[in-house]
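Spelled out, the chains give:
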Amino acid sequence: MAEFSDFRSLKVLDRFRHVIERTGADYDVLRLILRVKFQMDQRRVPTVLSNNYGNKKQKEGNLYLRSLWLYVLMGLIMVPFIVWDTGHYMLQMSIVTAMLMFMIMTSMVSDFSSVLLDIRDRNIIMTKPVNARTIGMARAIHAGIYLLLLTGSLSILPLVATLVRYGIGFFLLFAVALILINMLILVTTSLVYLFMMKFLDGEKLKDMINMVQILLSVGIAVGYQLVIRSFSIIDFNMVFTPAWWQLFLPPMWYAAVFEWVFGGGGNSWLYVFSGLAVVVPIISLMIYVKLMPSFELYLEKMAHAGQTSGRRRGGLDRIMARMFCRTREEQACFRLSANMMRNEREFKLKVYPSIGLSLVLPYIFWFTFMQDSSWAELRESALFYTLYIMLFVVVTVVMMLKYSGHYKAFWTFRAAPLANDHVLYSGTLKAFLCNMFMPVFMINAVVFLWAFGLRIVPDIVIILLTGTALIPLTSKLLLRKPPFSESFSMAQQSDGWLVLLALPVLGLFAGIHFYVQSLPAGIWIYIALLIIANAMLWTLLYPVKSARKVTAH
């Protein structure tokens with residue numbers, strides 16, 4: 001295990017001692033705090049390696065540093081866009097910076113938000129004569145160093161490609177842009193948390209931070225589409241079309257710098273974007289340094305948890321459990337599962353982004369269609385089939401139902417007098433259906449009916465019945481462990497390929513749906529078949545028996 005004095009990052013940080021001291025932080029104390037934090041990081045398993053180290057004895061050393069080679073491989077994705085000879089730097093670098101920011105922000109949400117919002121060390125450090133600015137600066141530098149390592153790993157191959165393809169000038173500009181991007185991500189994320197902590201406290205604050213992380217994941221994915229759609233093809237050439245809403249897309253800012261410097265200049269839009277790329281991170285950093293003591297003060301609210309609001313849903317959960325569950329044991333599993341899905345923050349952070357994406361992705365296809373068509377043409381089109389995209393959420397969520405942040409409590413189910421595990425599976429799946437799938441589906445269904453008219457009511461029913469039939473079927477195929485019985489550290493990152501396998505399956509269902517519409521009364525026969533299939537799948541795959549009956553027998 002490396003000694004404290006061996007941390008190279010601290011030796012590099014020593015060169016900036018005077019800059020840090022000018023912010024009002026005590027550098028010697030800050031350095032000591034960072035030394036301890038880096039030593040404790042030897043035990044932290046990064047998300048990207050959680051599947052490899054879940055069942056293995058951890059070796060000495062920083063596992064995060066050992067995971068960086070995976071990010072190097074991920075950086076290969078960006079190399080083709082670097083060497084792509086389009087003569088249009090705005091297009092190339094918009095895509096590259098968008099991909100970089102997506103990967104960095106995803107890692108920020110999964111690995112570094114807990115670093116920025118860590119309150120565990122306050123009981124030790126704040127009892128000593130240490131000012132809040134020093135603690136806040138140590139917290140920011142701690143996360144910032146790892147973000148720089150992450151960014152360096154992701155961008156090492158793209159940086160080499162820029163050096164070989166465009167020369168030293170392009171390489172240096174790209175390196176400066178990466179530093180500004182990291183500064184923007186770290187500081188703006190901290191400022192958002194600070195703003196929320198000022199007005200919220202206790203459980204509400206934790207719930208809101210969790211919601212911001214979820215919306216951030218959804219927003220970044222949707223932002224991809226907006227960046228690509230900032231360009232249009234005219235006479236087989238990519239043409240950039242400036243618009244006011246692009247001012248809110250940071251990837252466009254940094255791409256504009258390359259277009260301005262290496263693309264032969266440009267118009268006023270490029271100058272504005274380039275100015276934002278530099279000014280916004282610097283101003284954000286100045287504001288954050290000024291408000292750093294307030295950040296530490298408001299962070300204290302995180303330690304004080306208030307009453308949870310989940311109890312308000314207890315009555316509704318009981319009503320739905322009685323409606324959809326056949327035994328008292330299944331009703332109890334339904335209520336417990338609904339409570340965990342609604343209140344467990346780690347579960348929500350892992351699952352809710354996919355639900356949010358399923359809510360908004362169908363409308364991206366609308367946006368593409370409307371670029372060359374009218375609203376009247378949209379209403380008469382067959383784009384309502386894009387609602388099948390929502391069914392991806394069945395696969396993604398069902399795979400995650402076996403994980404929980406409180407997995408050690410699963411022994412209570414083994415101690416309970418359950419007839420078999422079927423009641424736990426069926427109760428959990430029905431809780432997912434009632435509390436997660438149906439509300440999101442109905443929101444989209446209302447919007448689709450408004451857009452396409454009442455003519456698609458049978459089609460909406462078919463898609464809904466297809467989704468409800470897929471829930472027990474997907475569970476039987478993918479949910480090999482009982483719900484909430486494993487730690488999230490065991491989550492297999494490679495499970496993502498199973499979502500890709502769902503693509504042809506959903507395409508097959510959409511094809512069958514399209515075909516039966518051409519048959520006389522075909523759509524009504526298909527609805528009847530789906531109702532029968534639902535009844536059989538829910539009843540036969542997870543037969544539920546009362547524990548009391550089994551005991552009496």
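Treat the numbers as computed from the prediction; the structure is a model and nothing was measured. (Residues numbered from 1 in each chain as written. Predicted model: local features only at pLDDT ≥ 70, side-chain atom pairs only at ≥ 80, totals over all residues. Heavy atoms only, no water.)

**Notes on the nonpolar core**
Point 1. M341, L401, F432, F437, F441, F448 and F452 are the most contacted members of the largest nonpolar core, which has 58 residues in total.
Point 2. Contributing elements (two or more residues each) for this core: α15 (314–324), α16 (328–343), α17 (345–370), α19 (392–400), α21 (422–452), α22 (457–478), α23 (496–516) and α24 (522–540).
Point 3. Not counting residues within four places of it along the chain, the set of residues in contact with F441 comprises L387, M390, I460, I463 and L464.
Point 4. Among the nonpolar cores identified, the runner-up in size contains 43 residues, and V96, L100, L249 and Y254 belong to it. (Core = buried A, V, L, I, M, F, W, Y, C linked by side-chain atoms within 4.5 Å. Buried < 20%, exposed > 50% of the residue type's maximum accessible area, 1.4 Å probe, protein only. Helix = DSSP H or I, 4+ residues; strand = E, 2+ residues; numbered from the N terminus. Contact = heavy atoms within 4.5 Å.)

**Notes on unusual backbone geometry**
What is expected of a backbone is that most residues other than glycine have negative phi and most peptide bonds are trans.
Point 1. The backbone of F484 shows a phi angle near 60°, a positive value even though the residue is not glycine.
Point 2. Take F484: it is sitting in the loop between α22 and α23.
Point 3. Look at F484 and you get buried, because its relative accessible area is 4%.
Point 4. Phi angles above zero are rare outside glycine, and A521 is one such case at about 60°.
Point 5. As for its position among the elements, A521 is in the loop between α23 and α24.
Point 6. Here A521 falls in the partly exposed class, since its relative accessible area comes to 47%.

**Overview of the pattern of salt bridges**
Point 1. Following the criterion strictly, the structure yields 5 salt bridges and no others.
Point 2. In this structure, E21 and R17 form a salt bridge, with 3.0 Å as the shortest nitrogen-oxygen distance. Pair noted here: E21 and R17 are both in helix α2 (residues 17–21), with a separation of 4 residues, about one helical turn.
Point 3. With a relative accessible area of 32%, E21 lands in the partly exposed category.
Point 4. With its nearest N and O atoms 2.8 Å apart, the salt bridge here joins K430 to E330. Within this pair, whereas K430 is found in helix α21, its partner E330 is found in helix α16, the two being separated by 100 residues in sequence. The same class applies to K430 as to E330, namely buried.
Point 5. Taken together, the salt bridges that share partners define one network made up of R17, E21 and D28. (Salt bridge = Lys/Arg side-chain N within 4 Å of Asp/Glu carboxyl O.)

**Here we look at the side chain of Q331**
Point 1. If you trace the backbone, Q331 turns up in helix α16.
Point 2. Setting aside residues up to four positions removed in sequence, Q331 forms contacts with A321, R322 and C325.

**A look at a positive patch on the surface**
Point 1. Taken together, the side chains of R318, R322, R328 and R335 define a basic patch exposed on the protein surface.
Point 2. Elements that contribute at least two residues to the positive patch include exactly α15 and α16.
Point 3. Relative to the assigned elements, R318 resides in helix α15.
Point 4. For R318, a relative accessible area of 43% translates into the label partly exposed. (Patch = residues over 30% accessible without salt bridge, like charges linked within 9 Å, V, L, I, M, F, W, Y side chains within 5 Å. Areas by Shrake-Rupley, 256 points an atom, 1.4 Å probe, with all protein chains shown as cover. Lys, Arg positive; Asp, Glu negative; His and termini not counted. Charge placed at Lys NZ, Arg CZ, Asp CG, Glu CD.)

**Some thoughts on the confidence of the model for the chain**
Point 1. For the chain, per-residue confidence averages 77 on the pLDDT scale, and residues scoring 70 or more make up 74% of the total.
Point 2. Mean pLDDT values for the elements of the chain range from 44 in helix α4 (residues 50–53) up to 92 in α24.
Point 3. Per-residue pLDDT stays below 50 along residues 45–61; that stretch engages in 40 contacts with residues further than four places along the chain or on separate chains. (pLDDT = per-residue confidence, 0-100.)

**Details of the environment of P250**
Point 1. Locating P250 in the fold gives a position in helix α13 (residues 250–262).
Point 2. Judged by relative accessible area, which is 19%, P250 ranks as buried.
Point 3. C-alpha of P250 to C-alpha of A98: the two residues are 152 residues apart in sequence and 8.1 Å apart in space.
Point 4. Other than its neighbours up to four places away in sequence, P250 contacts M101 and L184.

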